[in-house]
Amino acid sequence: MAAAPLTDSFYRTMFDLRSQTVLLTGAYGHLGQAIVGGLLAHGAQVIALGRSAETFAKTFGAPTDNLHFVFCDVAETASVQAAFRQSFDLYGPPSVLINNAYYSRGQQPDALPDADFALGLDGSVGSAYRCLREVLPYLRETGSGKIINVASMYGLVAPDFEAYADAPQFLNPPHYGAGKAAMIQLTKYFASYLGPENIQVNCVSPGAFPSDKVRQNTNFEGELRRRIPLGRVGEPQDIAGAFVFLSSPASNFVTGHNLVVDGGWTIR
């Protein structure tokens, strides 16, 4: 049977998120704030999952009709379960989960204690798996859903250590890249596993998006710029469109994809 013809209304609303309830970890971080802004601008209801209502308030002000805070420690299964249940009870079934939270400890490449390496892997990919696992009953109940994981260009390529020669404090530790590479594979695994259930799983890999504090080191920012074909580092708003797209009907036939937003860093 031929598919029904698309109408003009589909094209006009394919980025409309008014029917989407998004669970977002890491909402008040450097990139999380831009993700929230993009989702809200297109009509989504966003539940920011985090450990500090105070930080949420400092970042976003008071909750609104479309932006809410729910306590969640993504390192603890019981906390994730409680947060998802509370979100469901208060704001209805989720349709999108964005795994943006990250935590780690330790940096020196050749001197990380076992516990630090394991914690970094958990902060990169273990916490995302925990949230993915616990959201599935809610998505399965509605028969559809979108899961978006956040990886990194360093899940694709190794750091250019020359860029960090004069700024070693900014070097990504080995468990970061290893965990983000695992995140890309986790995305592909569950895209295949959940595809028959109409649940899409995709990934976004940001490139160099230094914070304002990091950019105060103008020499280091210059080292980053020289390695990016577009000739500049990423601004937070540069990442928002990727999440709007992957949360929207415009991406309904996209799954298992890693959308790289790096100004071209990884093409060389």
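Here is a short report on the structure shown in this document. This one's a predicted model, so the numbers in the text were calculated from it and none came from an experiment.

Let us now look at the overall build of the chain. Secondary structure summary: the chain contains nine helices and seven strands in total. Relative to the globule expectation of 18 Å for 268 residues, the C-alpha radius of gyration of the chain, 19 Å, shows essentially globular dimensions. Summarising its shape, the C-alpha atoms of the chain cover approximately 60 × 40 × 40 Å along the three principal directions. In the chain, which comprises 268 residues, the proportion classed as buried is 47%. Long-range contacts, defined here as pairs at least 24 residues apart, represent 72% of the contacts in the chain between residues at least 6 apart. Entry remark: accessible area of the chain is about 12,900 Å², with carbon and sulfur atoms responsible for 54%. Charge-centre separation for the chain: the mean point of 19 positive side chains lies 3 Å from the mean point of 23 negative side chains.

With that settled, the discussion passes to the packing of helix α5 (residues 114-142) against helix α6 (residues 174-194). Where α5 contacts α6, the two axes come as close as 8 Å, and the packing angle between them is 20°. Taken as axis vectors, α5 and α6 run roughly parallel relative to one another. At the point where α5 passes α6, the crossing takes the right-handed sense. Contacts between α5 and α6 involve Asp116, Phe117, Gly120, Leu121, Ser124, Val125, Ala128, Tyr129, Leu132, Leu136 and Arg140 on the former and, on the latter, Pro174, His175, Tyr176, Ala178, Gly179, Lys180, Ala182, Met183, Leu186, Phe190, Tyr193 and Leu194. Grouping the constituent residues of the contact of α5 with α6 by class yields 16 nonpolar, four polar and three charged.

All right, on to the nonpolar core then. Nonpolar side chains in soluble globular proteins tend to end up buried together. Within the largest apolar cluster, 31 residues are counted, with the highest numbers of intra-cluster contacts made by Leu23, Leu49, Phe84, Leu97, Val135, Ile147 and Leu194. Where this core is concerned, the elements lending two or more residues are β2 (45-50), α4 (77-91), α5, α6 and β6 (199-206). Here this core gets eight residues from one element, more than from any other, and that element is α5. With residues near it in sequence (within four places) discarded, Ile147 still touches Leu97, Asn99, Leu132, Val135, Leu136, Leu139, Leu194, Ile199, Gln200, Val201 and Asn202.

Taken together, the buried positions of helix α9 (residues 237-247) are occupied by Ile239, Ala240, Ala242, Phe243, Val244, Leu246 and Ser247. Those residues of α9 hidden inside the fold are in contact with α2 (32-41), β4 (96-99), β5 (145-150), β6 and β7 (258-261).

So, about the pairing of β4. Residues Val96 and Ile98 of β4 are buried on one face, and the alternating residues Leu97 and Asn99, pointing to the opposite face, are buried as well. With three bridges connecting them, strand β1 (residues 21-25) and β4 associate as parallel partners. Looking across to β4, one finds that Val22 is bridged to Val96. Across four bridges, β4 lies against β5 in parallel orientation.

Let's shift gears to the environment of Gly120. Examined against the element boundaries, Gly120 turns out to sit in helix α5. For Gly120, a relative accessible area of 0% puts it in the buried group. Counting along the chain gives 18 residues from Gly120 to Tyr102, while the straight-line C-alpha distance between them is 8.5 Å. Apart from the residues lying within four places of it in its own chain, the contact partners of Gly120 are Tyr102, Tyr103, Ser104 and His175.

Rules behind the numbers
- Residues numbered from 1 in each chain as written.
- Predicted model: local features only at pLDDT ≥ 70, side-chain atom pairs only at ≥ 80, totals over all residues.
- Heavy atoms only, no water.
- Helix = DSSP H or I, 4+ residues; strand = E, 2+ residues; numbered from the N terminus.
- Rg over C-alpha atoms; globule rule 2.2 N^0.38 Å.
- Buried < 20%, exposed > 50% of the residue type's maximum accessible area, 1.4 Å probe, protein only.
- Contact = heavy atoms within 4.5 Å.
- Areas by Shrake-Rupley, 256 points an atom, 1.4 Å probe, with all protein chains shown as cover.
- Lys, Arg positive; Asp, Glu negative; His and termini not counted.
- Charge placed at Lys NZ, Arg CZ, Asp CG, Glu CD.
- Axes fitted to C-alpha atoms, helices over the stretch in contact; angles between N-to-C directions.
- Parallel < 35°, antiparallel > 145°, perpendicular 65-115°, else oblique.
- Left-handed = near helix turned anticlockwise from the far one by under 90°.
- Nonpolar A, V, L, I, M, F, W, Y, C, P; charged D, E, K, R; others polar.
- Core = buried A, V, L, I, M, F, W, Y, C linked by side-chain atoms within 4.5 Å.
- Pairing = 2+ DSSP bridges.

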